[in-house]
Each structure stands twice: as C-alpha cells, then as structure tokens.
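Below are the chains, spelled out letter by letter.
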Amino acid sequence: MHSDPIRRRPGLALLALAGLSGLVLSACSSAPTAVKKADPPPPTSTTAKPAPACPLTGLPVPGGAAVPARPALAVKVDNYPTARPQSGLDKADVIYEEPVEGGITRYAAVFQCQDAASVGPVRSARNIDIGILGQLGNPLLAHVGGIPPVLANIDASPIVNVDLGENGSIITHPAGRYAPYDTYSSTAQMWGTHPTMATRPQPLFGYSATPPAGTPVASVNINFSSTSNVTWTYNPTTSQFERFYNGTTPDTLADGTQNAAANVVVQYVHISYGPWLENSEGGLEVQADLYPDASGQAQVFRNGVEITGTWQRSALGSPTQFLTAAGTPITLQPGQTWVELVPDTIATAVTP
C-alpha cells in the first residue's frame, strides 16, 4: 500500500377529428343519408432517434455519420521537449500519458471515431503499451520500432503491431522536422494497413451530461519531471481543462490548437524498472502494474470538479473501472479524455 499522493493548494398526441359532409336540408326532403367517417391519420412520433455515439467519447459521430466499423488505433507520439509541437492529438478520442525512462513521458493517442491528416512525431513502442491498450480488444498499435523483448511481447499479445519502420510508404516527413522527430502518418493510412479489421472497441468509460458530486477546482498540477511539468486549468467558458507546461506555457499543437480535454483522469500506478535496457544511456524499461487484479488511487476532473476514488482492473482485456469512495462508477463528461498514468511516488497538487 502506498501513501496518499494527493495534496492541495490556497450545469397531446393530437386527435384528428373526422369531418362530416354537409347536408342540405329542406322542408320537403327525405331522411338524411348516412355519412362515412374518414379514417384517422396514422400516429406520428415526436421523439427523435438519438444519434449513434462514439464508443470512446460518448459523443455523436462528427457530421452525423455512422460509427466507423474499425478498431481502435493507438499511435505512439513523442513528448520530449524537442519533439513538440505535435500534430493530430486533438482528433484522438483518448490520450494516455505514460512515464518512460528518464522521467520523460510519451503518448498513446487512441483514435476511433475521427481521422487526423497528420499524426506525430511517431516514436517507438514500450512494454507499458500492452497494459494500457489490452482493454481495447484488438487495437492497432502504430509506432517506429522498439527493443526486441518489447516487440516480442507485443506480437504475443492481442495488440496488432503496425511498425511504421516496416511500412515506409505511409510515412511522411514534414518540412522543418528533423530525425528522430520527423516521422508522421495519417490515421487513414495506418488503418489501411489492416483494411479488413472492422470490430469496434468496447467503451472504456460511462458518460453523463450531469457531473457527479465533487469538489470545485481551478487546476491540477502533475510534475512528472523537468521535461513534463503539466498543469490542467479549467476554463468554465468551454467546460474544458486546458493544458499548460510549467504553469503558464500553453501546450499547443503544430496548427496552434491548445491541447484541452473534457476529462482528465489521474490514475496512480505502481512503477518498476527493468529488466531491459531501453537506450544507450542506461535507461531501464518502465514496467507498470496495470493488470491483473491491479488497483490504486484515482482522481477524475470534469466540469470544474474533482471526484476522488479508486481504480481497479481484473484482466488485460477488461476495462479499467474508476469508482467513488462508495464504490459506484464515476461517469465522465462526453468528449475527449486524457488519462495521466502517474507513478504513485508523485504527488499531484490541486488548486481549489
């Protein structure tokens, strides 16, 4: 059991009447003839059929289209300072920020309902990706290489390995980007590597437009390291948490869009290191206790409130459950969700 890492700082039926034919009466007319009643009009419904919802956001499909018949696509995107600004993250349904060697963080950006014309920079896979993505069934994992034991574990898992290093025809190198931060692709091209896969992922979260009871907050700071000191600040105008670095620098994408999320989920995980070297500098592979029968503390931020609770997960293929202190599921606001996988040795700082 680990100590509490949380610390704080000072929304009739209308009935159609059948008309009667007019009768002309006169003093010497015969008895009136029988009049046939008109058939009533068929009943009409005033309840609109709800639009299909994206399984990973709870929102209607953009443009009113059907939910795409395709699996989740996770793309490994670098988050080292020299890799910024990234592209395409605003089109992802869920983004996982994971710790890797040296206190650096990296993204597993999960797409399903929307396409992105350019996503990147795409980097190598990590062993932690298996634990993160196993709950999505048979997702595609797009990346550029990885150390042999990690690639072997991915190939032995339900995850579908899409190594862009072996699919060079779908790689683009945007102007002004330099190796190793210049590998990009589109979601259409990455899904196109497995065109017959048509099974949608199961939902990961429950959604509600009405926020559960929580504590009002202005921001939450997650200081992973000097290269990723993240603050999420609530904007009541947009009902979104906006992302900043070092407290004041907006985290913007290459097109100028600031990263923001309807939900920020802080999932505290137990981290260990090894047994493999991940790089030539001696950094050890990060391992995370995400399954089976794993659990820990959690904070969910939505609609300007914080709901504290716990998370638990029984197996690789089971979704992570986020529960209140009373044991009831925590619902999210429909929209994009960022899941911050925070080592349980790090304390977040919440500003009321």
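Counting restarts for each chain, with residues numbered from 1 along the sequence as it is written. In keeping with the model being predicted, local features are shown solely for residues with a pLDDT of at least 70 and side-chain atom pairs are shown and tallied solely at 80 or more, while totals for entire chains, interfaces and linings include all residues. Values shown for side chains rest on all heavy atoms present in the structure; no hydrogens or waters enter the calculation.

Enquirer: Describe helix H2 (residues 148-155), and please don't skip the residues or the numbers.
Expert: Residue burial is assigned from relative accessible area. The probe radius is 1.4 Å, only protein chains are included, and a residue is buried under 20% of its type maximum, exposed over 50%, and partly exposed in between. Comment: elements are numbered from the N terminus, with helices defined as DSSP H or I runs of at least four residues and strands as E runs of at least two. Among the residues of H2, Val 150, Leu 151 and Ile 154 are the ones counted as buried. Taken end-on, H2 shows its buried residues confined to a sector of 95°, consistent with a single buried face. The exposed set on the far side of H2, more than 90 degrees from its buried face, consists of Pro 148 and Asp 155. Residues of H2 that are buried sit in contact with helix H1 (128-133), strand E5 (140-143), strand E6 (160-163), strand E14 (271-277) and strand E15 (284-288). The arc in question is the one spanned by the directions pointing from the helix axis to the C-beta atoms. What makes two residues a contact is simply this: any of their non-hydrogen atoms within 4.5 Å.

Enquirer: Summarise the side chain of Arg 106; cite the residues concerned and give the values.
Expert: Residue position: Arg 106 is located in strand E4 (residues 105-111). For the buried residue Arg 106, which engages in no salt bridge, the nearest side chain bearing the opposite charge is Asp 78, 4.0 Å off. Throughout this description, a polar contact denotes any pair of N or O atoms lying within 3.5 Å of each other; where both atoms belong to protein, one of them has to be capable of donating a hydrogen while the other can accept it, and for residues adjacent in sequence the pair is counted only when both atoms sit in side chains. Among the polar contacts made by the side chain of Arg 106, one reaches the side chain of Ser 124 at a distance of 3.1 Å. Discounting residues that sit within four places of it in the chain, Arg 106 has contacts with Lys 76, Val 77, Asp 78, Asn 79, Tyr 96, Glu 97, Glu 98, Val 100, Arg 123, Ser 124 and Arg 126. Working convention for charge: Lys and Arg count positive, Asp and Glu count negative, and His plus the chain ends are omitted. Salt bridges, as used here, are contacts in which a Lys or Arg side-chain nitrogen is within 4 Å of a carboxyl oxygen on Asp or Glu.

Enquirer: Could you give an account of the environment of Ala 261, naming the residues involved and the relevant values?
Expert: As for its position among the elements, Ala 261 is in strand E12 (residues 260-261). Its relative accessible area of 0% is what places Ala 261 among the buried residues. Counting along the chain gives 21 residues from Ala 261 to Gln 240, while the straight-line C-alpha distance between them is 5.4 Å. If we skip the residues at most four places from it in the chain, Ala 261 touches Trp 232, Gln 240, Phe 241, Gln 336 and Trp 338.

Enquirer: Please set out a nonpolar patch on the surface residue by residue, giving values where relevant.
Expert: The residues that make up patches have over 30% relative accessible area and no salt bridge, and they are joined within 9 Å when like-charged or within 5 Å when they are Val, Leu, Ile, Met, Phe, Trp or Tyr. What sets the accessible areas is the Shrake-Rupley method with a 1.4 Å probe; for residues, cover comes only from the shown protein chains. Taken together, the side chains of Tyr 273, Leu 277 and Leu 284 make up a nonpolar region of the molecular surface, amounting to roughly 320 Å² of accessible area. Considering the arrangement of structural elements, one finds Leu 277 in strand E14.

Enquirer: A description of unusual backbone geometry should follow, citing residues and the corresponding values.
Expert: With an omega of 0°, the peptide bond running from Arg 84 to Pro 85 counts as cis. Mapped onto the secondary structure, Pro 85 falls in the loop between strand E2 (73-78) and strand E3 (94-99). Of note, the bond from Tyr 291 into Pro 292 is cis; its omega dihedral lies within 30 degrees of zero at -10°. Secondary-structure assignment places Pro 292 in the loop between E15 and strand E16 (294-302). Positive phi, close to 55°, is recorded for Asn 246, a residue that is not glycine. Even without being a glycine, Asn 303 presents a positive backbone phi close to 50°. Along the chain, Asn 303 turns up in the loop between E16 and strand E17 (305-313).

Enquirer: Lay out the side chain of Glu 285 in plain terms, naming residues and giving numbers.
Expert: Within the secondary structure, Glu 285 sits in strand E15. Buried charged residue Glu 285 carries no salt bridge. Nearest counter-charge: Arg 126, at 4.6 Å. A polar contact of 2.8 Å, which involves the side chain of Glu 285, links it to the backbone nitrogen of Asn 127. The residues contacting Glu 285, other than those within four sequence positions of it, are Arg 126, Asn 127, Ile 147, Val 150, Ser 272, Tyr 273, Gly 274, Trp 276 and Glu 278.

Enquirer: How would you explain the confidence of the model for the chain if you had to name every residue and give the values?
Expert: Summary of the metric used: pLDDT quantifies the predictor's per-residue confidence within the range 0 to 100. Residues with a pLDDT of 70 or more make up 86% of the chain, whose mean pLDDT is 89. A low-confidence stretch, residues 10-35 stays under pLDDT 50, and its non-local contacts, those more than four residues away or across chains, total seven contacts.

Enquirer: Tell me what's going on with the packing of aromatic side chains, and back it up with residues and numbers.
Expert: We describe a pair of aromatic rings using the distance from one ring centre to the other and the angle between the two ring planes. Aromatic contacts are taken between Phe, Tyr and Trp rings whose centres are within 6.5 Å, Trp giving its six-membered ring; a plane angle under 30 degrees counts as stacked, one over 60 as edge-to-face, and the others as tilted. Tallying each qualifying case throughout the model produces six aromatic pairs. On the numbers, 6.5 Å between centres and 80° between planes, the contact of Phe 205 with Tyr 207 is edge-to-face. A centroid spacing of 5.0 Å and a plane angle of 50° characterise the contact between Tyr 234 and Phe 241, whose relative ring orientation is tilted. In this scheme, the term charge over a ring applies when either NZ of a lysine or CZ of an arginine sits within 6 Å of the ring centre and within 35 degrees of the ring normal. For Arg 70, the ring lying beneath its charged end belongs to Trp 191, and the centroid distance is 3.6 Å. The side chain of Arg 84 reaches across the aromatic face of Tyr 245, ending 3.9 Å from its centre.

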